[in-house]
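Summary of the model geometry
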Amino acid sequence: MTAPEPQNKGTPQGEPAKIAGAALVPKVGVFVCHCGSNIAGVVDCGKVREAAEKLEGVVVAKENKYTCSDLGQAEIIKAIKEHGIERVVVASCSPRLHEPTFRKCIQQAGLNPYLLHMVNLREQCSWVHSHEKDKATEKAIDLVLMGVSKATRLEPLEAREVPVEPTSLVIGGGVAGIQAALDLANMGFKVYLVETQPSIGGKMAQLDKTFPTGDCAICILAPKMVELARNPNITLLSYADVEEVKGYIGNYDVKVRKKARYVHEDKCVGCGLCSDACPVKVDNEFDLGFGQRKAIYIPFPQAVPLKYTIDKEHCLHFKTGKCLLCVKACTNEAVDHEMEDEILTLKVGTIIVATGYETYVPMKKGVYKYWEYDNVITGLELERLINASGPTGGHLIRPSDGTTPKRIALVQCVGSRNKKIGNNYCSRVCCMYAIKNSQIIMEHEPSTEIAVYYNDIRAFGKGFEELYHRVREDYGVEFIRGRPAKLSEDPKTKNIKIRAEETLLNKITEREFDLVVLSTGLRPSEGSKRIGKILSLTTSPDGFFQEAHPKLRPVDTAMDGIYLAGCCQGPKDIPDSVAQAKAAASSAAAPMFAKKVTIEPLTAWVNEEVCQGCGLCVELCPYGSPELVPGQKGGTKAHIIEALCHGCGTCAASCPQKAIVTRQFTDDQIYCEIQAALSEHGRKQAPKKRAEAEVSG
Amino acid sequence: MEAGAHRPEHDPGAYEPKIVAFCCNWCSYAGADLAGTTRLQYPPNVRIIRVMCSGRVDPTFVLKAFALGADGVIVAGCHPADCHYISGNEKAAMRGDFLEDFLEEAGIESQRFRVEWIAGSEGRKFADTIKKMVAELERLGPITKEARADE
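From a predicted model like this one, the values you see are computed outputs, not experimental measurements.

**Overview of the overall build of chain A**
Secondary structure summary: chain A contains 19 helices and 32 strands in total. The dimensions of chain A, computed from C-alpha atoms along their principal axes, are 90 × 70 × 50 Å. By residue count, 55% of the 697 residues in chain A fall in the buried class. Look at the contacts in chain A between residues 6 or more apart in sequence, and 69% of them connect residues 24 or more apart. Averaging the locations of the 86 positively and 85 negatively charged side chains of chain A gives two centres separated by 2 Å.

See below:
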């Protein structure tokens with residue numbers, strides 16, 4: 001079998017300095033960026049420029065210290081005007097970073113923005129071959145050759161302008177989601193907030209006080225929750241899950257499943273008579289199993305919406321077909337065991353993802369014996385046990401016997417900064433919540449002895465270091481530098497002995513405590529994983545969602561129109577989550593205020609002359625974009641519905657007639673790149689295998 | 001820090017295999033970028049061609065690359081079920097299976113062609129994939145002229 005030839009066959013092999021193909025080669029300008037020393041420190045940019053100058057079509061090649069700077073861009077504009085450049089090749093960083101920058105730049109000079117090609121000399125050359133300067137330079141020259149070769153085949157494209165639905169979807173009703181929804185609603189946009197739990201509030205609602213100021217978490221959160229529920233621009237969909245999202249910026253179609261709560265929200269007044277009547281008691285998740293709730297319940301007194309929900313798994317009626325005490329108790333006929341899930345379809349222009357975090361669960365067979373010893377608890381459990389609205393009314397007791405612990409150890413970095421379990425990152429909040437909780441315990445019981453086992457104390461925020469000092473100096477909390485190596489329980493007293501190397505004293509100590517609290521870190525929530533798949537979001541190595549740029553676009557994603565807020569992007573404290581939520585709201589508002597956005601025209605089109613109407617593309621397209629229609633000159637032909645095309649190119653790759661063209665990634669352009677990549681330029685090929693060469697050498 | 005950092009200096013006479021890697025924009029090209037931002041070192045034998053989706057890679061691209069002198073070809077996409085375009089990577093996998101058989105018949109060893117799933121967070125996997133393939137190709141040596149002509 002012979003590989004089908006590209007439409008333009010290209011020049012004969014072995015002429016590296018020539019660009020394959022076309023009779024009329026457009027004028028190309030090449031701009032080689034030093035990126036300070038990021039590229040120039042490894043790649044000999046002078047050599048790359050010289051090589052570029054010799055390529056067919058290239059009328060000007062220049063070097064810049066920073067091509068993305070004002071000066072660098074001005075030089076591109078000047079060169080376009082002076083030399084009549086028709087295609088621009090910028091050899092600098094990844095197109096994923098600066099393609100929009102340079103597109104705008106050449107557009108300013110009057111060129112169509114899609115006549116740009118970026119060559120990745122930084123992320124994919126200088127930074128990964130830092131120790132092989134000659135070979136990196138050789139590769140850079142090859143990459144520029146490939147780039148010029150593709151650039152000569154680029155065609156001008158017109159970006160499509162689409163209207164933006166002035167409605168936003170916020171996924172997740174923790175503090176970040178609440179703040180983002182409120183900000184957008186206050187700007188005048190309609191917002192749907194979807195929360196999987198029966199109430200909004202998220203993890204913050206479970207916390208006792210907040211660091212470093214000691215504000216009560218629910219006292220500052222509850223008014224916001226109420227404000228959200230009352231805001232006429234916000235539709236709160238609690239106990240609901242986003243199931244499907246289709247479309248693109250400005251035009252998303254969202255399918256939401258509103259789970260049956262078996263209580264009609266419009267009829268329930270939140271009086272609680274049903275719950276009083278319910279005979280079933282189960283552990284309350286909100287109190288992490290320390291308290292109990294009924295099978296018909298609200299998760300916590302300040303729940304929003306204040307509507308009861310039946311826990312189907314435990315409800316006696318669902319188990320036995322009997323009971324119905326709640327139905328009898330309700331004076332409003334709100335309880336309805338026949339209720340079914342409801343599917344809603346929403347049309348939104350932008351999406352804010354605020355799916356939060358979960359706390360790390362200590363390992364079953366881990367060093368800290370969380371699952372074996374009653375008196376080893378986690379930081380979040382401690383929050384519930386010192387919370388005035390918690391199961392003990394804020395009186396700290398130890399689980400084994402209900403007595404007040406006098407000696408408490410707090411163990412830091414549990415599930416964080418630990419390569420062994422794959423969580424290399426710092427969870428950013430554990431140092432401060434441990435310090436804050438120490439303060440609260442000491443305020444309740446001043447005679448308590450508290451020791452914090454830590455690796456480093458990270459008190460980096462506003463007022464954090466001050467709190468750390470206060471807790472150490474005014475409250476006498478002891479800080480021990482060292483990771484506990486072994487915990488053992490006294491079978492009689494249930495006290496815990498901690499054996500640890502105190503690295504500042506350089507000795508191994510063994511000390512006994514009444515209660516041990518593990519300062520567990522943060523990890524991506526299960527909800528995040530589910531939503532990430534639905535929205536095709538990428539994650540960073542820590543598993544949290546990846547922002548479009550770590551410094552400059554911290555709330556955007558690679559997907560236009562989808563933004564991130566709060567801990568789904570990475571561990572952060574409340575002020576940072578709120579700040580990010582406000583930023584996400586502002587980013588999401590921009591296209592909605594503009595009412596329209598331009599979207600990339602990287603779609604496919606069908607050459608009717610060549611198309612045989614076989615319909616394979618119709619079968620393969622995941623978006624239903626190609627359709628079979630009567631051709632203009634008869635016969636059946638494929639036609640791409642452009643609004644549905646996402647530009648993946650699967651149809652083009654499969655078309656037996658090669659009748660489908662994917663804009664900016666045409667067969668011809670890719671063939672040119674392949675050919676340039678493999679041209680004889682700088683290629684050294686020895687007849688022998690390396691092994692043999694070594695033997696004979 | 002990196003094994004690649006201590007690669008012996010280039011021996012001018014040695015066989016330098018050339019690899020063409022088709023990387024999807026959303027996962028594997030981002031993974032290759034991440035290898036860069038984290039300064040993971042790998043051999044400079046690879047030339048990356050960016051496509052929007054691994055599903056864009058026409059089998060003829062792969063054949064063309066071998067015919068024009070590539071010693072190895074990689075098609076890299078998002079992990080199964082993680083495709084930015086829902087299912088483009090499944091199509092890439094299917095074409096990969098077909099290509100593998102076809103290449104083998106044409107006398108091109110299966111180790112020279114790989115379909116890899118590399119996520120945007122897997123800079124290390126990208127670097128390791130290149131390192132592994134270069135080592136493999138150095139062991140195999142150049143493709144025979146007959147096999148290339150067959151393409």
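**Here's the deal with the state of the cysteines**
Residue and element names in this part refer to chain A. In total, this model carries two disulfides over all chains according to the counting rule given. A sulfur-sulfur distance of 2.2 Å marks the disulfide that ties C216 to C219. Between C216 and C219, the S-S dihedral sits near 80 degrees, and the bridge is therefore right-handed. Note on C216: relative accessible area 22%, which makes it partly exposed. For C219, a relative accessible area of 48% gives the class partly exposed.

**Observations regarding the packing of aromatic side chains**
Two numbers describe a pair of aromatic rings. These are the distance of the centres and the angle of the planes. Considering all chains together, one arrives at 14 aromatic pairs over all chains under this definition. When the centroid spacing of 5.2 Å and the interplanar angle of 85 degrees are considered together, the rings of Y370 of chain A and W371 of chain A count as edge-to-face. Each ring, one from Y454 of chain A and one from F479 of chain A, has its centre 6.3 Å from the other, and the planes form 70 degrees; the classification is edge-to-face. Taken together, the positions of Y454 of chain A in strand β20 (residues 449-454) and F479 of chain A in strand β21 (residues 478-481) put the pair 25 residues apart, joining distant regions of the chain. The buried category is assigned to F479 of chain A, whose relative accessible area is 15%. Taken together, the ring pairs in this structure connect F211, F460 and F464 of chain A into an aromatic cluster. Note that K364 of chain A overlies the ring of W371 of chain A, its terminal NZ or CZ placed 3.6 Å from the centroid. The ring of Y29 of chain B is capped by R50 of chain B, whose NZ or CZ atom sits 5.7 Å from the centre of that ring.

**Observations regarding helix α1 (residues 28-37) of chain B**
Residues and elements named next belong to chain B. Summarising burial for α1: nine of the ten residues are buried, a large majority. Looking at α1, one finds that the buried residues are S28, Y29, A30, G31, A32, D33, L34, A35 and G36. The positive-phi residue at the C-terminal boundary of α1 is R39, with phi of around 60 degrees.

**Details of the domain arrangement of chain A**
For chain A, the domain assignment lists domain 1 (28-159), domain 2 (160-196 + 218-257 + 343-354 + 527-596), domain 3 (260-340), domain 4 (358-523) and domain 5 (604-662). Placing the centre of domain 1 of chain A and that of domain 3 of chain A at their C-alpha centroids yields a distance of 64 Å.

**Some details on the packing of helix α1 (residues 45-53) of chain A against helix α5 (residues 133-151) of chain A**
All names here are of chain A. Relative to each other, α1 and α5 sit at 35 degrees, their axes nearing to 9 Å. Note on packing geometry: the crossing formed by α1 with α5 is right-handed. Of the residues in α5, those touching α1 at K47, V48, A51 and A52 are T137, A140, I141 and V144. Of the residues assigned to the contact of α1 with α5, the class counts are six nonpolar, one polar and one charged.

**Here we look at a negative patch on the surface**
A surface patch of negative charge is lined by D97, E100, D101, E104 and E105 of chain B. Along the chain, E105 of chain B falls in helix α3 (residues 88-105).

**Topic: the confidence of the model for chain A**
Residues and elements named next belong to chain A. Considering every residue of chain A, the mean pLDDT works out to 92; 94% of them sit at 70 or more. Segment residues 1-22 is flagged for pLDDT under 50; beyond a separation of four residues in sequence, or across chains, it makes 42 contacts in the model. Below pLDDT 50 for its whole length, residues 682-697 participates in 26 contacts with residues either more than four positions away or in separate chains.

**Here's the deal with the interface of chain A and chain B**
Across the boundary between the two partners, chain A contributes 68 residues, which contact 70 residues of chain B. For the pairing of chain A and chain B, the buried interface totals around 6,100 Å² over both sides, and the portion due to carbon and sulfur atoms is 56%. Between R47 of chain B and D142 of chain A there is a salt bridge; the shortest N-O distance is 2.9 Å. Along the contact surface separating chain A from chain B lie 25 residue pairs in polar contact (both at pLDDT 80 or more). At the level of secondary structure, the elements contributing two or more residues to the side of chain A that touches chain B comprise α3 (95-108), α4 (122-126), α5, α17 (650-654) and α18 (667-677) of chain A. The element contributing the most residues to the side of chain A that touches chain B is α18 of chain A, with seven residues. Among the residues forming the side of chain A that touches chain B, the class breakdown is 26 nonpolar, 25 polar and 17 charged.

How each quantity is defined
- The residue numbers shown here count from 1 along each chain, following its written sequence.
- To label them, take the chains in the order written and letter them from A, then take the ligands in the order written and number them from 1.
- Residue-level local features of this predicted model are given only where pLDDT is at least 70; pairs of side-chain atoms are given and counted only at 80 or more, and the full residue set underlies all totals for whole chains, interfaces and linings.
- Calculation of side-chain values draws on the structure's entire complement of heavy atoms; hydrogens and water are dropped beforehand.
- Each helix is a run of H or I in the DSSP string that is no shorter than four residues. Each strand is a run of E no shorter than two, and both are numbered from the N terminus.
- Buried means the residue's accessible area, taken with a 1.4 Å probe over protein chains only, is under 20% of the maximum for its type, while exposed means over 50%, and partly exposed covers the values in between.
- In what follows, residue pairs with any heavy atoms lying within 4.5 Å of each other are defined as contacts.
- Within this scheme the basic residues Lys and Arg register as positive and the acidic residues Asp and Glu register as negative, but His and the chain ends are omitted.
- Just so you know, the charge point we use is NZ for Lys, CZ for Arg, CG for Asp and CD for Glu.
- What counts as a disulfide here is a pair of cysteine sulfur atoms lying within 2.5 Å.
- Any pair of Phe, Tyr and Trp rings, taking the six-membered ring for Trp, is counted once the centres come within 6.5 Å. Such a pair is stacked with planes under 30 degrees apart, edge-to-face with planes over 60 apart, and tilted for the rest.
- Distance and angle both matter: a charge sits over a ring if NZ of Lys or CZ of Arg is within 6 Å of the ring centre and within 35 degrees of the ring normal.
- Here the bounds of each domain stem from an automatic or database domain assignment.
- Working convention: axes come from line fits to C-alpha atoms, limited for helices to the stretch in contact. Angles between N-to-C directions cover 0 to 180 degrees.
- Definitions for this section: a left-handed crossing has its near helix turned counterclockwise from the far helix by less than a right angle. A right-handed crossing has that turn clockwise.
- For this scheme, ten residues count as nonpolar: Ala, Val, Leu, Ile, Met, Phe, Trp, Tyr, Cys and Pro. Four count as charged, namely Asp, Glu, Lys and Arg, and the remainder, Gly too, count as polar.
- Each patch is built from residues that are more than 30% exposed by relative accessible area and take part in no salt bridge. Like charges join if they lie within 9 Å; nonpolar side chains (Val, Leu, Ile, Met, Phe, Trp, Tyr) join within 5 Å.
- Here, Shrake-Rupley sampling with a 1.4 Å probe gives the accessible areas, and only protein chains in the shown set may cover a residue.
- Salt bridges are counted wherever a side-chain nitrogen of Lys or Arg sits within 4 Å of a carboxyl oxygen of Asp or Glu.
- Note: pLDDT gives the predictor's confidence per residue, expressed from 0 to 100.
- Throughout, buried area stands for the accessible area (probe radius 1.4 Å) lost by two parts on being put together, summed over both.
- Counted as a polar contact is a pair of N or O atoms within 3.5 Å, where, for protein atoms, one must be capable of donating a hydrogen and the other of accepting one, and residues adjacent in sequence contribute only when both atoms are in side chains.

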